[in-house]
Amino acid sequence: MNAAPADQIRLLDVQDLDVRLQQLAHKRKSLPEHAEIESLTKDHTQLRDLLVAAQTEESDCAREQTKAEQDVDQVRRRAARDQERLDSGSVRSPKDLENLQHEIASLARRQGDLEDVVLEIMERREAAQARVAELTERVASLQARIDDATARRDAAVEEIDREVAAVTKEREVVAASVPADLLGLYDKLRAQYGGIGAAKLYQRTCQGCRQELAITELNEIRAAAPDTVVRCENCRRILVRTPESGL
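S.K.: Sorry, what's going on with the overall build of the protein here?
M.R.: In terms of helices and strands, the protein carries 5 helices and 4 strands. Starting at the N terminus and walking to the C terminus, you meet the elements of the protein as α-α-α-α-β-β-α-β-β. Computed over its C-alpha atoms, the radius of gyration of the protein comes to 42 Å, more than 25% above the 18 Å expected for a compact globule of 247 residues. In terms of overall dimensions, the protein has C-alpha extents of about 135 × 35 × 25 Å along its principal axes. Sequence separation of at least 24 residues holds for 75% of the intrachain contacts in the protein that already meet a minimum separation of 6. Working note: accessible area of the protein is about 15100 Å², and carbon and sulfur atoms make up 50% of it. Considering the protein, the positive charge centre built from 38 side chains and the negative charge centre built from 47 side chains are found 4 Å apart.

This is how it looks when you write it as structure tokens:
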């Protein structure tokens, strides 16, 4: 393949722009905010799970407390009815009086036990409420950090995307000035060899593979016409000759 030396030089400009696009893609992918958001989101999910568990516990305690308080009210009403019967004098049999008094005493003990249960449930519920409040605050704080990191990431991505658009446009302009067959070969090689399709020959060294050329290869390149498109024997990339090639 033949191409004017100036066209081959412009191919290096295309390569430089492609390298820049690769660098920008890598930068976009490896923004520190990505890892930060992932870590914060993981912590946020764990805290949300803990919050849901605490809310469930508080809800369960609320139901227990309601049930226990209803039990206390039931015993209290029954005791009040018995006390009213006792105070009314309608029970005259000594045995019935004794049984009634015994039941009132038993209900009082039962009421005391149930009130202790209510107090125990209330303590557990207050602890659960405190846990809910703490976790709610921590979840909100973590969400704020996620929002901040997301905003920073989005701003960085927007800036990178603007530069990508500018470099892509410049690449289109420069590539349009390179012969189609030469550009086609370059694009094919670039896809095969890690994004590098053309490299400068600098001081007898291929800048694509960083290998110094053998004397026989250098002699072949010296003998080649200026418009001959030469390839590196080692990495097979297009070698572009410049005054700094050391030939």
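That shown, we press on.
S.K.: Teacher, can you tell me more about the nonpolar core here?
M.R.: Most often, soluble globular proteins keep nonpolar side chains buried together rather than apart. Counting residues in hydrophobic clusters, the biggest one holds 24 residues, and the most contacted among them are Leu 11, Val 14, Val 178, Leu 182, Leu 183, Tyr 186 and Ile 238. Where this core is concerned, the elements lending two or more residues are α1 (5-29), α3 (94-176), α4 (180-192) and β4 (238-241).

S.K.: Just checking my understanding: could you explain helix α2 (residues 32-88) for this structure?
M.R.: Because each turn of an α-helix spans 3.6 residues, side chains separated by three or four positions end up pointing in the same direction. Its 57 residues place the ends of α2 82 Å apart at the C-alpha level, agreeing with the 84 Å of an ideal helix rising 1.5 Å per residue. Where α2 terminates, the next one or two residues include Gly 89, which has phi positive at roughly 80 degrees.

S.K.: Just to check I follow, could you spell out the state of the cysteines for this structure?
M.R.: What we call a disulfide is simply a covalent bond connecting the sulfur atoms of a pair of cysteines. Tallied over the entire structure, the rule returns 0 disulfides. Residue Cys 209 stays outside any disulfide, its sulfur separated by 3.8 Å from that of Cys 206, the closest cysteine. Taking the relative accessible area as the measure of exposure, Cys 209 reaches 19% and is therefore buried.

S.K.: Can you help me understand the pattern of salt bridges in this one?
M.R.: Two side chains bearing opposite charge may form a pair once their charged atoms approach each other closely. On inspection of all chains with the given rule, the structure shows 24 salt bridges. Each of the salt bridges in this network shares a partner with another, and the network as a whole consists of Asp 18, Arg 171, Asp 187 and Arg 190.

S.K.: Is there a simple way to explain the sheet that holds strand β3 (residues 230-231) in this structure?
M.R.: Paired through their backbone hydrogen bonds, the strands of a sheet run either parallel or antiparallel. Reading across from one edge, β2-β1-β4-β3 is the order of the 4 strands in this open sheet, with mixed pairing throughout. Bordering the open sheet on either side are β2 (205-206) and β3, each of which pairs with just one other strand. Contacting β1 (198-202) and β4, α1 crosses the sheet at an angle of about 120 degrees to β4.

S.K.: Help me understand the pairing of β1 in this model?
M.R.: Side-chain direction in a regular strand flips from residue to residue, so the side chains alternate between the two faces of the sheet. Direction of pairing for β1 relative to β4: parallel, over a ladder of 4 bridges. When the sheet's bridge partners are listed, Ala 198 is paired in β4 with Ile 238. Here β1 folds back onto β2, and the loop between the two strands holds 2 residues, one of which, Gln 203, carries a positive phi near 50 degrees.

S.K.: Honestly, the side chain of Thr 205 in this entry has me stumped. Any pointers?
M.R.: If you trace the backbone, Thr 205 turns up in strand β2. Ignoring anything within four residues of it in the chain, the contact list for Thr 205 reads Lys 200, Arg 210, Gln 211, Glu 212 and Leu 213.

S.K.: Would you take a moment to explain the pairing of β4 for this structure?
M.R.: Neither face of β4 is open: one carries Ile 238 and Val 240, the other Leu 239 and Arg 241, and all of them are buried. Across 2 bridges, the pairing between β3 and β4 is antiparallel. In the strand pairing of β4, Arg 231 is matched with Ile 238.

S.K.: Would you take a moment to explain the packing of α1 against α4 for this structure?
M.R.: When two helices pack together, their arrangement is captured by the angle between the axes and the distance separating the axes. It is the contact of α1 with α4, at a shortest axis distance of 11 Å, that shows an interaxial angle of 35 degrees. Read as a crossing pair, α1 and α4 show a hand that is right-handed. Residue-level contacts link Asp 7, Gln 8, Leu 11, Val 14, Gln 15 and Asp 18 of α1 to Leu 182, Leu 183, Tyr 186 and Arg 190 of α4. When the residues that make up the contact of α1 with α4 are grouped by side-chain class, the tally is 5 nonpolar, 2 polar and 3 charged.

S.K.: Quick question: what am I supposed to make of helix α5 (residues 215-223) here?
M.R.: The set of residues buried in α5 consists of Glu 217, Leu 218 and Ile 221. For α5, the arc enclosing every buried residue in end-on projection is 100 degrees, short of the 170-degree limit, so these residues lie on one face. In α5, the exposed positions that point more than 90 degrees away from the buried face belong to Ile 215, Thr 216, Glu 220 and Ala 223. Of the surrounding elements, those touching the buried residues of α5 are β1, β3 and β4.

S.K.: So what exactly am I meant to see when it comes to unusual backbone geometry here?
M.R.: Glycine aside, residues mostly have negative phi, and peptide bonds are mostly found in the trans state. Positive phi is not limited to glycine here, since Arg 210 has a value of about 65 degrees. When you line up the elements, Arg 210 lands in the loop between β2 and α5. The phi torsion at Arg 236 lies on the positive side, around 70 degrees, for a residue other than glycine.

What counts, and at which threshold
- Every chain begins its residue count from 1, and numbering advances along the sequence as written.
- Two thresholds apply to this predicted model, a pLDDT of at least 70 for residue-level local features and 80 or more for giving and counting side-chain atom pairs, whereas whole-chain, interface and lining totals are computed over all residues.
- Side-chain numbers come from the whole structure's heavy atoms, not from hydrogens or water.
- Numbering goes from the N terminus for both helices and strands, where a helix is a DSSP run of H or I of at least four residues and a strand is a run of E of at least two.
- We take the radius of gyration over the C-alpha atoms and set the globule estimate at 2.2 Å times the residue count to the 0.38 power.
- Residues count as neighbours in contact if any of their non-hydrogen atoms are within 4.5 Å of one another.
- Note on areas: these come from Shrake-Rupley sampling with a 1.4 Å probe, and a residue is covered only by the protein chains present in the view.
- The charged-residue count follows a simple rule in which Lys and Arg add positive charge and Asp and Glu add negative charge, with His and chain termini not counted at all.
- By convention, charge coordinates are those of NZ in Lys, CZ in Arg, CG in Asp, or CD in Glu.
- What we call a nonpolar core is a set of buried Ala, Val, Leu, Ile, Met, Phe, Trp, Tyr and Cys residues that are connected through their side-chain atoms within 4.5 Å.
- Partly exposed describes any residue whose relative accessible area lies between the buried limit of under 20% and the exposed limit of over 50%, with all areas from a 1.4 Å probe on protein chains only and scaled to the type maximum.
- Helices are assigned an expected span. That span is 1.5 Å times one less than the residue count.
- Disulfides are defined in this document as cysteine sulfur pairs within 2.5 Å.
- For salt bridges, the criterion is a side-chain nitrogen of Lys or Arg within 4 Å of an Asp or Glu carboxyl oxygen.
- Only when DSSP finds a minimum of two bridges between them are two strands counted as paired.
- With axes taken as lines fitted to C-alpha atoms, and helix axes fitted only over the stretch in contact, angles between N-to-C directions fall between 0 and 180 degrees.
- Handedness of a crossing is defined here by the sense of rotation of the near helix relative to the far one, left-handed for an anticlockwise turn of less than a right angle and right-handed for a clockwise turn.
- Here the nonpolar group is Ala, Val, Leu, Ile, Met, Phe, Trp, Tyr, Cys and Pro; Asp, Glu, Lys and Arg are the charged ones; every other residue, Gly included, is treated as polar.
- This arc is built from the directions going out from the helix axis to the C-beta atoms.

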